[in-house]
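Listed below, chain by chain, are the residues.
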Amino acid sequence: AEASLARMVAYCRRHPEGREASLLLIAGDQIYADASSGLFDANNQIDRYSKPYMQFKSGVIRHLPHSLQRIVHAHDDHEIADGWEPVAGAEQPNGPLYESGRQAAWTHRWDPRPGPVEPTHFWHSFDWRGAAFFIGDSRGEREPRRWDLWRGAQMIGQAQREALYAWLAASQGRPRFVLTGALLLPRRLATREQAASCLRSDAWD
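Attention here is on the structure that accompanies the text.

## Describing the sheet that holds strand β5 (residues 176-179)
- Taken together, 3 strands build an open sheet; the order of strands is β3-β4-β5 and the sheet is mixed. The open sheet has two free edges, formed respectively by β3 (124-128) and β5, since each of these has just one partner strand. Averaged over all pairs of adjacent strands, the angle between strand axes in this sheet comes to 20 degrees, irrespective of strand direction.
- Lying over the sheet, helix α4 (residues 158-170) contacts β3, β4 (131-135) and β5, oriented at roughly 170 degrees with respect to β4.

In structure tokens, the structure reads:
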């Protein structure tokens, strides 16, 4: 990930078109709150969330060109824990780390829009230079999956789904971009052949 980011920064600083970059979208996993896969992961808020966000923001990404006007991010699993999703039938389906990780992603977001101190929802849409963007939350609203639940489990909540449909209707005829932490497309061939294989996919299958 760091190597990929370094290549992007090099392109934006050296290539004529790159030097005109104005918008950066980050599709989650900015930090790894679970950097040691649970072995030595920090339990306090500062070491688990604040320091990793500060290190990321002060790292390679700060060398992007001055033409950059806006950075927008979607949060994903590593801001909480590797492969995080709610557990069906559990007393606490979201587990002990979800609320803290969600709050930290909100507090340290790049594009702080006016609003409450605590997140109401992460998904939103905006226009940029004639193109339409929908930033979705495919992590925090997904429903638990299990062998007896997979047919009805939803990746996003009802309000977000309605907002996405409305955005699609309103933005016709323009370039449109959907950003979510979990891949919207392409779907796995295995899912087309056997729908129940979606249980093995972290994406929109």
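## Observations regarding the pairing of strand β2 (residues 70-73)
- Because side chains alternate across β2, one face comprises the buried residues R70 and V72, and the other comprises I71 and H73, equally buried.
- Pairing between strand β1 (residues 23-26) and β2: 4 bridges, direction parallel. Considered in β2, the bridge of L23 is made with R70.

## Let's talk about the packing of helix α2 (residues 45-57) against helix α3 (residues 98-107)
- Viewed as axis vectors pointing N to C, α2 and α3 meet at an angle of 30 degrees, and their least axial separation amounts to 10 Å. Between α2 and α3, the crossing angle belongs to the class labelled roughly parallel. Seen from above, α2 lies across α3 with right-handed handedness. Taken together, the residues of α3 that come into contact with α2 (itself represented by Q45, Y49 and Y53) are S100, G101, A104 and A105.
- Residue composition of the contact of α2 with α3, by class: 4 nonpolar, 3 polar and no charged.

## Here we look at the pattern of salt bridges
- Counted according to the given criterion, the structure contains 7 salt bridges.
- Here D127 ties to R174 by a salt bridge, and the two come within 3.3 Å at their closest N and O atoms. One end of the pair, D127, is in strand β3; the other, R174, is in the loop between α4 and β5, and 47 residues separate them in sequence.
- Taking the relative accessible area as the measure of exposure, D127 reaches 49% and is therefore partly exposed.
- In this structure, R146 and D148 form a salt bridge, with 2.7 Å as the shortest nitrogen-oxygen distance.
- Judged by relative accessible area, which is 33%, R146 ranks as partly exposed.

Cut-offs and rules
- Residues numbered from 1 in each chain as written.
- Predicted model: local features only at pLDDT ≥ 70, side-chain atom pairs only at ≥ 80, totals over all residues.
- Heavy atoms only, no water.
- Pairing = 2+ DSSP bridges.
- Helix = DSSP H or I, 4+ residues; strand = E, 2+ residues; numbered from the N terminus.
- Axes fitted to C-alpha atoms, helices over the stretch in contact; angles between N-to-C directions.
- Contact = heavy atoms within 4.5 Å.
- Buried < 20%, exposed > 50% of the residue type's maximum accessible area, 1.4 Å probe, protein only.
- Parallel < 35°, antiparallel > 145°, perpendicular 65-115°, else oblique.
- Left-handed = near helix turned anticlockwise from the far one by under 90°.
- Nonpolar A, V, L, I, M, F, W, Y, C, P; charged D, E, K, R; others polar.
- Salt bridge = Lys/Arg side-chain N within 4 Å of Asp/Glu carboxyl O.

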